[in-house]
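# Structural overview
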There are 2 protein chains.
Amino acid sequence: MSDTDPKATRTGRPRSTAADAAILEATRASLVDLGWSKLTMSDVATRAGVAKTTLYRRWAGKNELVVDAVAVLFDELELPDRGSLAADVQGVVLQFAALLERPEARTALMAVVAESTRDDSLRHRIRSAIVDRQKRLVLLGRERAQARGELRYEDDASAAARNADLIFDVIAGAVVHRTLVSAEPVDAEWASGFTSLLLLGLAGAQAG
Amino acid sequence: MSDTDPKATRTGRPRSTAADAAILEATRASLVDLGWSKLTMSDVATRAGVAKTTLYRRWAGKNELVVDAVAVLFDELELPDRGSLAADVQGVVLQFAALLERPEARTALMAVVAESTRDDSLRHRIRSAIVDRQKRLVLLGRERAQARGELRYEDDASAAARNADLIFDVIAGAVVHRTLVSAEPVDAEWASGFTSLLLLGLAGAQAG
DNA sequence: GCAGTTACGCTACGGGTCGTAGCGTAAGGA
DNA sequence: TCCTTACGCTACGACCCGTAGCGTAACTGC
């Protein structure tokens, strides 16, 4: 979560875990109220009841702080087994969409991605803190579909990985683009249309 | 381009169109060198050889300026007829991807979209300046496919519009996500895999 | 207990950007 | 020539950044 992880027991006063929680909570609150561009470190410190220097002792700057603050939202993602691949895909889509309805996520996600185009370490942080958490759901859905016999197990491991990457980019990309660029709601109707398009494509790929 | 358009002839000294061009050019150069977050109005003004006040006379702020500066890149988008829907889709994908290779576009696009989540007027500006220019290609590709008989003409106009919106979000979203979030290249191989997935989905929708 | 070590709150600071006001000058139109 | 608008320039208060320095708080090992 923070930059340094206190492996084993260290000497000296330990870092306040309560401060960690308060800071991340304050960051989300500030994102809701002010949005990414007007969020300042001073404001977060004030909201958290913490000195500004304490923030800089744990995070290099606004980018890293916001990534960690938003990352916990992606821990809530779950994918109950709905019995079919179609229902599971629709579930994933609606989960992503629900997350993007939250103003903290809306304003922060694209902003940190934009920053990451010029900052490799930030990009890796986003990947492990956010993207991988999303991707879990896609991989889980595939496993279930294979167990059900809806998708076949692939022989070539690297080809399977490429395929999963493709499907993940299609699902996540479409939902994000619909929500943030087109600024149209991802409701049940859209999710249904998207799901059938994707599944027909996958079915065709299985056949061909 | 600027905020006010001089409809009809106005009295007084006209705005320098050379300054317009110099400012937008300087903005793109600054995006390349500094990136979105470190780009400042003062820097752009200096690069353009223009007073800072001149920028504020034409654009409300950094957001609007960058949108206009990047928008012209999307005018270069073209879609030569490659003879089949599959080839045309692949063409669109590679066009989008090539645009996102440019550092000005990479750093600016996601940033202004992030800003637009809290600024409706900015969102509309992005739509008309950027998104609609992309969407043209998708609509053009559909028309050609219909003329070739690869896709059937749809009766319900609103359903057709929803469908085009869906396909646009899928294509643009997938390419953007692949490029900026997954940070993997959109090469011919990926484009080919994506295209076949999409087309199989469309083919299935035509049949079902 | 006592020293050693690390975290915290607080204050203060130089450096930078923002967006605007005010002024004199330049470039067109009636 | 008068009127109107645009331009360059300077200066300004407000704000945020990221860091340094200090005294104090909390926890560990002896």
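By the naming in an unreviewed UniProt entry, chain A goes by Transcriptional regulator and is assigned to Streptomyces rubiginosohelvolus.

## Let's talk about the nonpolar core
V93, V170, F194 and L198 of chain A together with V93, V170 and F194 of chain B are the most contacted members of the largest nonpolar core, which totals 136 residues. Other than its neighbours up to four places away in sequence, F194 of chain A contacts V93, V170, I171 and A174 of chain A together with L166 and V170 of chain B.

## Some details on helix α8 (residues 157-181) of chain A
Residue and element names in this part refer to chain A. Taking 1.5 Å of rise per residue, 25 residues should cover 36 Å, and α8 covers 34 Å from first to last C-alpha, within 8% of that figure. Of all 25 residues that make up α8, 18 are buried, and the element is covered over most of its length. For α8, the N-terminal capping position is held by D156, with its side-chain oxygen 3.1 Å away from the main-chain nitrogen of S158.

## Focus on the protein's contact with DNA strand C
Around DNA strand C sit 22 residues in total, of which G12, R13, T54 and R58 of chain A together with Y56 of chain B are the nearest. Of all atoms in DNA strand C that approach within 4 Å of the protein, 59% are sugar or phosphate atoms. In the environment of DNA strand C, a phosphate oxygen lies 3.3 Å from a nitrogen or oxygen atom belonging to the backbone of A51 of chain A. Between T54 of chain A and DNA strand C, the recorded distance is 2.7 Å, taken from a side-chain N or O atom to a phosphate oxygen. Counting only elements with at least two residues in the surface near DNA strand C, the list comes to α3 (52-58) of chain A together with α2 (41-48) and α3 (52-58) of chain B. When residues in the surface near DNA strand C are grouped by element, the largest group, 4 residues, is from α3 of chain A. Within the surface near DNA strand C, the residues separate by chemical class into 6 nonpolar, 9 polar and 7 charged.

## Remarks on the protein's contact with DNA strand D
DNA strand D sits among 24 residues. The nearest are Y56 of chain A together with G12, R13, T54 and R58 of chain B. Within 4 Å of the protein, atoms of DNA strand D come from sugar and phosphate in 59% of cases. Here a base oxygen of DNA strand D and a side-chain polar atom of K52 of chain A are 3.0 Å apart. One nitrogen or oxygen atom from the side chain of R57 of chain B is found 3.3 Å from a base oxygen belonging to DNA strand D. The element that contributes the greatest number of residues to the surface near DNA strand D is α3 of chain B, accounting for 4 residues. Residues belonging to the surface near DNA strand D are distributed by class as follows: 6 nonpolar, 10 polar and 8 charged.

## Some remarks on the relation of the copies chain B and chain A
Each copy superposes on the other: chain B lies on chain A with an RMSD of 0.0 Å after a rotation of 180° and an axial shift of 0.0 Å. Expressed as an axis order, the relation between the two copies is that of a two-fold axis. Counting the interface residues of chain B, we find that 100% of their copies in chain A are interface residues as well, pointing to one common contact surface.

## Observations regarding the interface of chain B and chain A
One frequently used descriptor of interface size is the decrease in accessible area upon assembly of the parts. With 45 residues of chain B in contact, the opposing surface of chain A contributes 45 residues. Together, the buried faces of chain B and chain A total about 3,600 Å²; carbon and sulfur atoms form 64% of this surface. Its largest share of buried area at the contact with chain A, chain B owes to R118, D169 and L197 of chain B, together 17% of the area lost on that side. Applying the counting criterion to the chain B and chain A interface returns 2 salt bridges. Across the pair R162 of chain A and E189 of chain B runs a salt bridge, and its minimum N-O distance is 3.3 Å. Taken together, the connections running from chain B to chain A amount to 12 residue pairs in polar contact (both at pLDDT 80 or more). When contributions to the side of chain B that touches chain A are tallied by element, the ones reaching two or more residues are α1 (17-34), α6 (103-116), α7 (120-148), α8 (157-181) and α9 (188-207) of chain B. Ranked by residue count, the leading element in the side of chain B that touches chain A is α8 of chain B, at 12 residues. Of the residues that constitute the side of chain B that touches chain A, the class distribution is 24 nonpolar, 11 polar and 10 charged.

## Focus on the packing of aromatic side chains
All names here are of chain A. Counted by the stated rule, this structure contains 2 aromatic pairs over all chains. Aromatic pair W190 and F194: ring centres 5.3 Å apart, planes at 5°, arrangement stacked. Here F194 and W190 lie together in helix α9 (residues 188-207), a separation of 4 residues that amounts to about one turn. We note that W190, like F194, is buried. It is K62 that lies over the ring of W36; its NZ or CZ is 4.6 Å from the centre.

Reading guide: rules and limits
- Residues numbered from 1 in each chain as written.
- Chains lettered and ligands numbered in written order.
- Predicted model: local features only at pLDDT ≥ 70, side-chain atom pairs only at ≥ 80, totals over all residues.
- Heavy atoms only, no water.
- Core = buried A, V, L, I, M, F, W, Y, C linked by side-chain atoms within 4.5 Å.
- Buried < 20%, exposed > 50% of the residue type's maximum accessible area, 1.4 Å probe, protein only.
- Contact = heavy atoms within 4.5 Å.
- Helix = DSSP H or I, 4+ residues; strand = E, 2+ residues; numbered from the N terminus.
- Expected span 1.5 Å × (residues − 1).
- Polar contact = N/O pair within 3.5 Å; in protein donor to acceptor, adjacent residues only side chain to side chain.
- Near = heavy atom within 4 Å.
- Nonpolar A, V, L, I, M, F, W, Y, C, P; charged D, E, K, R; others polar.
- Least-squares fit on C-alpha atoms with pLDDT ≥ 70 in both.
- Buried area = accessible area lost by both parts, 1.4 Å probe.
- Salt bridge = Lys/Arg side-chain N within 4 Å of Asp/Glu carboxyl O.
- Phe/Tyr/Trp six-rings, centres within 6.5 Å; stacked < 30°, edge-to-face > 60°.
- Lys NZ or Arg CZ within 6 Å of the ring centre and 35° of its normal.

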